[in-house]
Protein chains: 4
Amino acid sequence: MNLPAQDAADRGRLIVQGADGPGIVASVSSVLARVGANIISLDQHSTDPAGGRFFQRTMFHLDGLPGRLTELEEELDKDLSALGLSYRLVEARKPKRVAIMVSKTDHCLLDLLWRQRHGEIPMNISMVISNHPDLGDDVRGFGIPFFHVPVAKDGKAVAEQEHLKLLKGNIDLLVLARYMQIISGEFIEELDVPIINIHHSFLPAFIGAGPYQKAKDRGVKLIGATAHYVTEDLDEGPIIEQDVVRVSHVQTTAQLQRRGADVERQVLSRAVAWHCEDRVIRDGNQTVVF
Amino acid sequence: MNLPAQDAADRGRLIVQGADGPGIVASVSSVLARVGANIISLDQHSTDPAGGRFFQRTMFHLDGLPGRLTELEEELDKDLSALGLSYRLVEARKPKRVAIMVSKTDHCLLDLLWRQRHGEIPMNISMVISNHPDLGDDVRGFGIPFFHVPVAKDGKAVAEQEHLKLLKGNIDLLVLARYMQIISGEFIEELDVPIINIHHSFLPAFIGAGPYQKAKDRGVKLIGATAHYVTEDLDEGPIIEQDVVRVSHVQTTAQLQRRGADVERQVLSRAVAWHCEDRVIRDGNQTVVF
Amino acid sequence: MNLPAQDAADRGRLIVQGADGPGIVASVSSVLARVGANIISLDQHSTDPAGGRFFQRTMFHLDGLPGRLTELEEELDKDLSALGLSYRLVEARKPKRVAIMVSKTDHCLLDLLWRQRHGEIPMNISMVISNHPDLGDDVRGFGIPFFHVPVAKDGKAVAEQEHLKLLKGNIDLLVLARYMQIISGEFIEELDVPIINIHHSFLPAFIGAGPYQKAKDRGVKLIGATAHYVTEDLDEGPIIEQDVVRVSHVQTTAQLQRRGADVERQVLSRAVAWHCEDRVIRDGNQTVVF
Amino acid sequence: MNLPAQDAADRGRLIVQGADGPGIVASVSSVLARVGANIISLDQHSTDPAGGRFFQRTMFHLDGLPGRLTELEEELDKDLSALGLSYRLVEARKPKRVAIMVSKTDHCLLDLLWRQRHGEIPMNISMVISNHPDLGDDVRGFGIPFFHVPVAKDGKAVAEQEHLKLLKGNIDLLVLARYMQIISGEFIEELDVPIINIHHSFLPAFIGAGPYQKAKDRGVKLIGATAHYVTEDLDEGPIIEQDVVRVSHVQTTAQLQRRGADVERQVLSRAVAWHCEDRVIRDGNQTVVF
């Protein structure tokens, strides 16, 4: 991430997945060796060596990578399709194009904006969309466009059309950084890029609205946050990251919320960073995080 | 706990609770000062200074405490009943009499036996009861009686009668250290001492049986354990302590179980220690832990 | 903290310390009861019930507190001086006046500014002083004055005079939020308010400069941060709060630094919050944190 | 670990290390593919893709492994020696032969004995040696030989000769589970197997004796434990694992010790498990833990 520009341009990430079988690692690394690429790091996982699902993330260096992508893809197609594997080839020099949706709460949003400013996450935040105008000044202060799209009662479909006009084709990832509206299955399908949400509880505990009040009522001794991919089923998508913080009888619900905010912003920022570094692979309703 | 015997004999714990109102701390501490007791530590909590519930735990030193209990109780009755408060007066020199119920899994049991041997928890484990004979040698190796009470299919009522014969009047606390049978409301009522259970998940996530398999299926990134008082509603009693440990896609369900075991034994041992030190006060379906 | 203004105005904090002896809690709470104050919370600690040092923090409600301070002080003087105790009486409605000194790194500074904006810490940040101009825009964006006081080689004494002109009489607390200059004993003495520093390691490991490089060289598996009061001895002052985060062989020194930054800002913010709520009492080279 | 015996017999671990260069992963995986082995998991690390040190741990399945070791070694010799790499080939079915040295404290010892009984760590504890007789019954209760070798004042050299007679040739790993004697450089050299020690502090803080007292005196807010390989320099060897637990002003030194004991046993057990699974590779004074 702190590489000289020239070097970063020659770095690539190769994500391979499919049915496990003998010789996959050898095949992938042989293709890379054949074209002259050097493996920088390699992570691999199999759900079961006998008949399981196989996942591999390889980071490599190849001199002149940008001009040699087609060549590399042809080699991969040849060797990997024979093994029934699918793959994704990513240039490390290209940051993910990200949009953030948010309501009124600023802690997750500001943490992401601040990390982008520091170059901590390989992403470009190209816009922030909110159903409230409150956070416009903060966002624009970072030099990032802010769009206020109010959601009228019974007007969700209209608002989502507006969202799609702004987002469609422009982004690789949508982040819901405490966006307090449920989004429709049609929107998810139509947008067709991964969506990461932060839920303010340790899922699957306290699904749905008001988790801090529920946590207070149940008298739990730890509260948590969960970053997950969004699917049609509310709070049921594949979990990317979770963390917790200790609480006691002393804290009021408002204080739980405050402590929780610190965990939420960290969990979301970690999940977004890992996604943008292509470390997260979906496996049904679970994730492999390398 | 590591006090010279003489000193420990003069230590008491006073637990006060009731409706909050002005002057409670002053009243309690004045009674203690009046009889010549010195406050060693004092913890106090109010759910709401205006109309909430009040809780106080005071540890004190009073020369010749064992012979002056009646005198102290008379003073407390006078002052505290006027304020509508209830109290509990405990001699620190008297360890809690504890029984443990267990099935086949030994990690929670052994941790408690080991801590008792080291004097880490102010308790006397007077017996261990199991529905399986497997752990008998381990228990007796610690010099503690072990009773094997099998539970036949449809024979729970009979077994519980047997349990009550062993336990009734003999213990101050029952600990379910991975006892894999549901106990009846009648048993809880009839036994009439607090019962602490360890549940092998971070409640309220994964209530009921097979929590590690459920955690694996849901793809969580942390697994946990919960120690709680037992009520008629399975896994719904007041939580005393919880903790978690990080896991990833790498672990199998069996490995989650092993990691979980380390958390379970710690969480249960902490909960039992705090209970035996009179640090835990029930407040409806929640606990105050001082 | 989220109280109606009227209510907050009637809240006070009473910090009592001195040699332990019988009846202190009773005396303090009796004084409060006598004037009609209601105890909201009380924390108490004795280093040793026989001849140790005693510490107590009491939060109370007294109708019309601002107009009754003198009366309360007279009562406290009478009863507490007889016991050889010193005390501090604080109105909760008065936030601490805070200045922040910083160099070029912004994470600790921004976290404090953001928490002040959200009302999370009872403080007013009245100015930020830096030996570099870089963070001026950020600070002024929060509506807070920023003073750039360069420190020339051999010019520390001059700069410190400038600092004292700005600070003396204007603040209750100075926070060094990654201020990369050693401050002199004369400055500390002359300023005469508490100073909190964040050190970017788990003290006493890696005292002095370059702790992340030292941590990398030693191959530690956790890195940490420490917030402490500043004394003349570099990194040797009383510790208020510490925390750690897990690392491995994978991280470079630069990545340790980034992970560490997240811990630093949390540890410093917690320490400042606790100080501003009068929860931290110095006890020689240690702290009692209620 | 819970494999059917047949399957486990066919599993191997291959540890490769040396100067980094292009094509190492491809070479290793090609050798394995050539002989028909299937890679189960692969971890790889380079300290620097340009001119750094390279480490790889590969777990694989090869039908009939025990009878094909020579064949596999010949292939590895051919391909890897050309690349200037050294390697270690281990059969997973062979548990490490382990001896434990201990003084009077039992918590680390019992945790290891218990985990061996449960098959949690692929090791056989073949003996326990102590300079005190106290723990003999406990050890023999697990069916493991216990040797009492007293260390007279100025008698260390004699005792170490006795130790070497017992250990030399019989073990693959020596674990110091709170053995309170300094061992000599001659002993380390002569024994010539890895030695793991548990130090009861978060190194490099509180090197040497009495770390809990030092931690209390310094007023730290976390205490820790460190498992490391033993070198001639006391407490300076490569760190394998560390962890911490939160403490406060409330705990006495004795209570720090008790809390610390829980961390010690966990940290040591993890380090021993990882070592026995060949996950830990020494890299100068650091470790790579896969």
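Residues numbered from 1 in each chain as written. Chains lettered and ligands numbered in written order. Predicted model: local features only at pLDDT ≥ 70, side-chain atom pairs only at ≥ 80, totals over all residues. Heavy atoms only, no water.

J.: How would you sum up the domain arrangement of chain A? Please name residues and give values.
T.: Residues and elements named next belong to chain A. Taken domain by domain, chain A comprises domain 1 (5-91) and domain 2 (96-289). Between domain 1 and domain 2, the residue contacts involve ten residues of the former and ten residues of the latter. Where domain 1 abuts domain 2, roughly 830 Å² becomes buried across the two surfaces, and 50% of that area is made up of carbon and sulfur atoms. At the surface where domain 1 touches domain 2, the tally comes to three salt bridges. With its nearest N and O atoms 2.6 Å apart, the salt bridge here joins Arg53 to Asp283. At the boundary of domain 1 and domain 2, one finds six residue pairs in polar contact (both at pLDDT 80 or more). For the side of domain 1 that touches domain 2, the secondary-structure elements that each account for two or more residues are strand E1 (11-19), strand E3 (53-61) and strand E4 (86-91). Tallied by class, the residues present in the side of domain 1 that touches domain 2 amount to three nonpolar, three polar and four charged. (Domains from an automatic or database assignment. Contact = heavy atoms within 4.5 Å. Buried area = accessible area lost by both parts, 1.4 Å probe. Salt bridge = Lys/Arg side-chain N within 4 Å of Asp/Glu carboxyl O. Polar contact = N/O pair within 3.5 Å; in protein donor to acceptor, adjacent residues only side chain to side chain. Helix = DSSP H or I, 4+ residues; strand = E, 2+ residues; numbered from the N terminus. Nonpolar A, V, L, I, M, F, W, Y, C, P; charged D, E, K, R; others polar.)

J.: Could you give an account of the side chain of Glu264 of chain A, naming the residues involved and the relevant values?
T.: Turning to its location among the elements, Glu264 of chain A is positioned in helix H9 (residues 253-276). The contacts of Glu264 of chain A, once residues within four sequence positions are left out, are His107, Cys108, Arg178, Ile198, His200, Tyr212 and Ala225 of chain A.

J.: For the interface of chain D and chain B, give the residues involved together with the corresponding values.
T.: Across the contact, 17 residues belong to chain D and 17 residues belong to chain B. Summed over both sides, the interface of chain D with chain B buries roughly 1,600 Å², with 33% coming from carbon and sulfur. On the chain D side of the contact with chain B, Trp114, Arg258 and Arg265 of chain D bury the most area, a combined 35% of that side's loss. Along the contact surface separating chain D from chain B lie eight salt bridges. Among the ionic pairs, Arg117 of chain D bridges to Asp106 of chain B, the shortest N-O distance being 3.0 Å. Of all the secondary structure elements, the ones that give two or more residues to the side of chain D that touches chain B are helix H4 (107-117) and helix H9 (253-276) of chain D. When residues of the side of chain D that touches chain B are assigned to their parent elements, the largest contribution, six residues, is made by H4 of chain D. Residues of the side of chain D that touches chain B, tallied by class, amount to four nonpolar, four polar and nine charged.

J.: Account for the interface of chain C and chain D, with residues named and values stated.
T.: Between chain C and chain D, the contact holds 33 residues from the first and 32 residues from the second. Buried surface at the junction of chain C and chain D, summed over both partners, amounts to about 2,600 Å²; 54% is from carbon and sulfur atoms. Among the residues of chain C in contact with chain D, Arg218, Lys221 and His249 of chain C are the three that bury the most area, contributing 28% of the side total. Where chain C touches chain D, the interface holds six salt bridges. For the salt bridge of Arg218 of chain C with Glu236 of chain D, the shortest nitrogen-to-oxygen distance reads 3.8 Å. Secondary structure elements with two or more residues in the side of chain C that touches chain D: helix H8 (211-218), strand E11 (239-246) and strand E13 (286-289) of chain C. In terms of residue count, E11 of chain C provides more of the side of chain C that touches chain D than any other element does, seven residues in total. Class assignment of the residues belonging to the side of chain C that touches chain D gives a composition of 15 nonpolar, eight polar and ten charged.

J.: So what about helix H3 (residues 69-82) of chain A? Which residues, and what values?
T.: Residue and element names in this part refer to chain A. The end-to-end C-alpha distance of H3 is 20 Å, a good match for the 20 Å that 14 residues give at a rise of 1.5 Å each. Along H3, the positions that sit buried rather than exposed are Leu69, Leu72, Glu75, Leu76 and Leu80. Positive backbone phi, approximately 70 degrees, marks Gly84, located one or two places after H3. (Expected span 1.5 Å × (residues − 1). Buried < 20%, exposed > 50% of the residue type's maximum accessible area, 1.4 Å probe, protein only.)

J.: Outline the packing of helix H2 (residues 24-35) of chain B against helix H3 (residues 69-82) of chain B, supporting the account with residue identities and numerical values.
T.: Residues and elements named next belong to chain B. In the contact formed by H2 and H3, the axes pass within 10 Å of each other and the chain directions differ by 150 degrees. Judged by the angle between their axes, H2 and H3 are roughly antiparallel. H3 is crossed by H2, and the crossing has right-handed handedness. Facing Val28, Val31, Leu32, Arg34 and Val35 of H2, the residues of H3 in contact are Glu71, Leu72, Glu75, Leu76, Asp79 and Leu80. (Axes fitted to C-alpha atoms, helices over the stretch in contact; angles between N-to-C directions. Parallel < 35°, antiparallel > 145°, perpendicular 65-115°, else oblique. Left-handed = near helix turned anticlockwise from the far one by under 90°.)

J.: So what's going on with a negative patch on the surface? Residues and values would help.
T.: Residues and elements named next belong to chain A. Taken together, Glu186, Glu189, Asp192, Glu232 and Asp233 make up a surface patch of like negative charges. Tracing the backbone shows Glu186 in helix H7 (residues 185-191). Since its relative accessible area comes to 59%, Glu186 is described here as exposed. (Patch = residues over 30% accessible without salt bridge, like charges linked within 9 Å, V, L, I, M, F, W, Y side chains within 5 Å. Areas by Shrake-Rupley, 256 points an atom, 1.4 Å probe, with all protein chains shown as cover. Lys, Arg positive; Asp, Glu negative; His and termini not counted. Charge placed at Lys NZ, Arg CZ, Asp CG, Glu CD.)

J.: Would you mind going over the sheet that holds strand E5 (residues 96-102) of chain C in detail, with residue names and values included?
T.: Picture the strands of a sheet paired through backbone hydrogen bonds; they go either parallel or antiparallel. All names here are of chain C. With mixed pairing, the seven strands of this open sheet are ordered in space as E7-E6-E5-E8-E9-E10-E11. At either end of the open sheet lies a strand with only one pairing partner, and these are strand E7 (146-148) and E11. Neighbouring strand axes in the sheet, compared pairwise and without regard to direction, differ in orientation by 20 degrees on average. In this structure, strand E10 (residues 222-229) lies alongside E11, joined through seven bridges in antiparallel fashion. By the bridge assignment, Gly224 is partnered in E11 with Val244. Where helix H9 (residues 253-276) meets the sheet, it contacts E5, strand E6 (123-130), strand E8 (173-176), strand E9 (195-199), E10 and E11, and its direction lies at approximately 150 degrees from that of E11. (Pairing = 2+ DSSP bridges.)

J.: A description of the pattern of salt bridges should follow, citing residues and the corresponding values.
T.: With the rule as written, the count across this model stands at 103 salt bridges over all chains. With a closest N to O distance of 3.3 Å, Arg270 of chain A and Asp243 of chain A form a salt bridge. With Arg270 of chain A in helix H9 and Asp243 of chain A in strand E11 (residues 239-246), the pair connects residues that are 27 residues apart, well separated along the chain. With relative accessibility at 24%, the residue Arg270 of chain A sits in the partly exposed group. Sharing partners across several salt bridges, the network here consists of Asp111, Arg115 and Glu120 of chain A together with Asp262 and Arg265 of chain C.

J.: Give me the packing of aromatic side chains: which residues, what numbers.
T.: Going through the model one piece at a time under the given rule, you end up with two aromatic pairs over all chains. Geometrically, the ring pair formed by Phe202 of chain A and Phe202 of chain B is edge-to-face, given 5.0 Å between the ring centres and 75 degrees between the ring planes. Of the two residues, Phe202 of chain A sits in the loop between strand E9 (195-199) and helix H8 (211-218) while Phe202 of chain B sits in the loop between strand E9 (195-199) and helix H8 (211-218), which places them in two different chains. Take Phe202 of chain A: its relative accessible area is 3%, and that puts it in the buried class. When the ring centre of Trp114 of chain C is taken as origin, the NZ or CZ atom of Arg265 of chain A, which lies over that ring, is 5.6 Å away. (Phe/Tyr/Trp six-rings, centres within 6.5 Å; stacked < 30°, edge-to-face > 60°. Lys NZ or Arg CZ within 6 Å of the ring centre and 35° of its normal.)

J.: Can you break down the sheet that holds strand E10 (residues 222-229) of chain A residue by residue, with the values?
T.: Residue and element names in this part refer to chain A. One open sheet accounts for seven strands, arranged E7-E6-E5-E8-E9-E10-E11; its pairing is mixed. In the strand order of this sheet, the two ends are held by strand E7 (146-148) and E11, each with one partner. The sheet shows a mean angle of 20 degrees between the axes of neighbouring strands, direction not considered. Two elements, strand E5 (residues 96-102) and strand E8 (residues 173-176), share four bridges in a ladder whose sense is parallel. Note on E8: the bridge partner recorded for Val98 is Leu173.

J.: Explain the pairing of E3 of chain A residue by residue, including any values.
T.: All names here are of chain A. The buried fraction of E3 amounts to seven of the nine residues, a majority that puts the element mostly inside the structure. Relative to E3, E1 runs antiparallel, the two being bridged by nine bridges. In the strand pairing of E3, Ile15 is matched with Arg57. Two elements, strand E2 (residues 38-46) and E3, share eight bridges in a ladder whose sense is antiparallel. If you follow Asp43 over to E3, its bridge partner there is Arg57.

J.: Account for helix H8 (residues 211-218) of chain D, with residues named and values stated.
T.: Residues Pro211, Tyr212, Ala215, Lys216 and Arg218 of chain D constitute the buried set of H8 of chain D. Summarising the contacts, the buried residues of H8 of chain D are in contact with E11 and E13 of chain C together with strand E9 (195-199), strand E10 (222-229) and H9 of chain D.

J.: Report on the relation of the copies chain C and chain D, specifying residues and quantitative values.
T.: Note on the copies: chain C fits chain D at an RMSD of 0.0 Å, the axial shift is 0.0 Å, and the rotation between them is 180 degrees. Here the transformation between the copies is reduced to the relation of a two-fold axis. When C-alpha positions in chain C are compared against the rotation axis, the closest is assigned to Ala205 of chain C, at 2.3 Å. With an isologous cut-off of 70% or more, the 97% of interface residues of chain C that recur at the interface of chain D puts this contact in the isologous class. (Least-squares fit on C-alpha atoms with pLDDT ≥ 70 in both.)

J.: Can you lay out the state of the cysteines for me, pointing to particular residues and giving the numbers?
T.: A covalent bond bridging the sulfur atoms of two cysteines is what the word disulfide describes. Residues and elements named next belong to chain B. The tally for this structure, following the rule as stated, stands at zero disulfides over all chains. Cys276 takes part in no disulfide bond, and the closest cysteine sulfur, belonging to Cys108, lies 15 Å away. A relative accessible area of 1% places Cys276 in the buried class. (Disulfide = S-S within 2.5 Å.)

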